[in-house]
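Each chain, letter by letter, is given below.
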Amino acid sequence: MTGKKMIQIAIDGPAASGKSTAARALAERLGGYYVNTGDMYRTVAWAALQAGIDPDADPAAVVAKLPAWDLRLQAEEGVLQLILNDVPVPQAAIRAPEVAAVVSQVARIPEVRDWMLDRQRDCRHLGIIIMEGRDIGTVVLPDATCKFFITASPEERARRRLQQAGEVTPGATLASVAADIAERDRIDSTRAVAPLKPAADAEIFVTDGMEKEEVADLLIAAIKRKTGL
Ligand code: DC
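Cut-offs used in this document
Residues numbered from 1 in each chain as written. Predicted model: local features only at pLDDT ≥ 70, side-chain atom pairs only at ≥ 80, totals over all residues. Heavy atoms only, no water. Helix = DSSP H or I, 4+ residues; strand = E, 2+ residues; numbered from the N terminus. Salt bridge = Lys/Arg side-chain N within 4 Å of Asp/Glu carboxyl O. Buried < 20%, exposed > 50% of the residue type's maximum accessible area, 1.4 Å probe, protein only. Near = heavy atom within 4 Å. Polar contact = N/O pair within 3.5 Å; in protein donor to acceptor, adjacent residues only side chain to side chain. Areas by Shrake-Rupley, 256 points an atom, 1.4 Å probe, with all protein chains shown as cover.

Engineer: Explain unusual backbone geometry here, please?
Structural biologist: Outside of glycine, negative phi angles account for most residues, and trans bonds account for most peptide bonds. Of note in this structure, Glu 77 is not a glycine but carries a positive phi near 50 degrees. Relative to the elements of secondary structure, Glu 77 occurs in the loop between strand 3 (71–76) and strand 4 (79–84). Residue Asp 86 is not a glycine yet carries a positive backbone phi of 70 degrees. Tracing the backbone shows Asp 86 in the loop between strand 4 and strand 5 (87–88).

Next comes the structure, spelled out in structure tokens:
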């Protein structure tokens, strides 16, 4: 009997480093499931705003709401759909600038991170999983088969973010986007619980000046070396 291959690929890195694009490409090429854990934090931030909570001023109100939120990753035709209280989470809503402005505040609440772990790990039995975030190699999947940390200079990341429609406020400039990214990096990498940092056993890739396909090719080569896929 041939069992299903269980392979976990952890991809971490700062905002707009190209990790989502790389993770999506890997899922497609390897026939695996792509999990964007940033979207899970964005969903909690969005739900908090909808409930009239200011996560920065009142993190306890976010924590108090957690039992009312049923957040799941549901496998549907080869992709994992994020579901909140039985309703698919709308991508446009969680990528809105209002959500981006508060998501780091939500992601630094220890109770939220703890609550998130089981929801993120729930998909491990599905087979090949490519999970991206900030603490996947360090905390969520410490035994992952391959761990990558993808980064790029702040200028390069600001340029990439500016090209992503819908994620920046109208009228944003390279300087204002760079400042927003720098502030999120600061909060993400200095928080007490599960800060953004490469796992000790992660391979680090700096992607300045690289095409998306080049990054995916490098990761695929590293995965093949390690797994024989
Ligand atoms: O990847 P992203 O920019 O969509 O992430 C949104 C926010 O969530 C960002 O502030 C970092 C945080 N995050 C986190 O703390 N841990 C993760 N595993 C994924 C995202």
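That was the structure; now back to the text.
Engineer: What is the right way to read the pattern of salt bridges from this model?
Structural biologist: A side chain of one charge can pair with a side chain of the opposite charge when the charged atoms of the two come close. Counted by the stated rule, this structure contains 15 salt bridges. A salt bridge links Arg 108 to Asp 56; its shortest N-O distance comes to 3.7 Å. With a gap of 52 residues between them, Arg 108 in the loop between helix 5 (97–107) and helix 6 (110–121) and Asp 56 in the loop between helix 2 (37–50) and helix 3 (59–65) connect regions that are remote in the sequence. Take Arg 108: its relative accessible area is 38%, and that puts it in the partly exposed class. Take Asp 56: its relative accessible area is 45%, and that puts it in the partly exposed class. Between Asp 135 and Arg 113 there is a salt bridge; the shortest N-O distance is 2.9 Å.

Engineer: When you look at the site of the ligand in this model, what are you seeing that I'm missing?
Structural biologist: Looking at the ligand, there are 17 residues lining it, with Arg 42, Ser 104, Arg 113, Arg 184 and Arg 191 nearest. Within the side chain of Arg 134, a nitrogen or oxygen atom sits 2.9 Å from an oxygen atom of the ligand. Taking Arg 184, its side chain carries an N or O atom lying 2.5 Å from an oxygen atom of the ligand. Considered on its own, the ligand offers 450 Å² of accessible surface; in the complex 98% of this is hidden by protein. When contributions to the shell around the ligand are tallied by element, the ones reaching two or more residues are helix 2, helix 5 and helix 9 (174–190). Tallying contributions element by element places helix 2 first for the shell around the ligand, with four residues.

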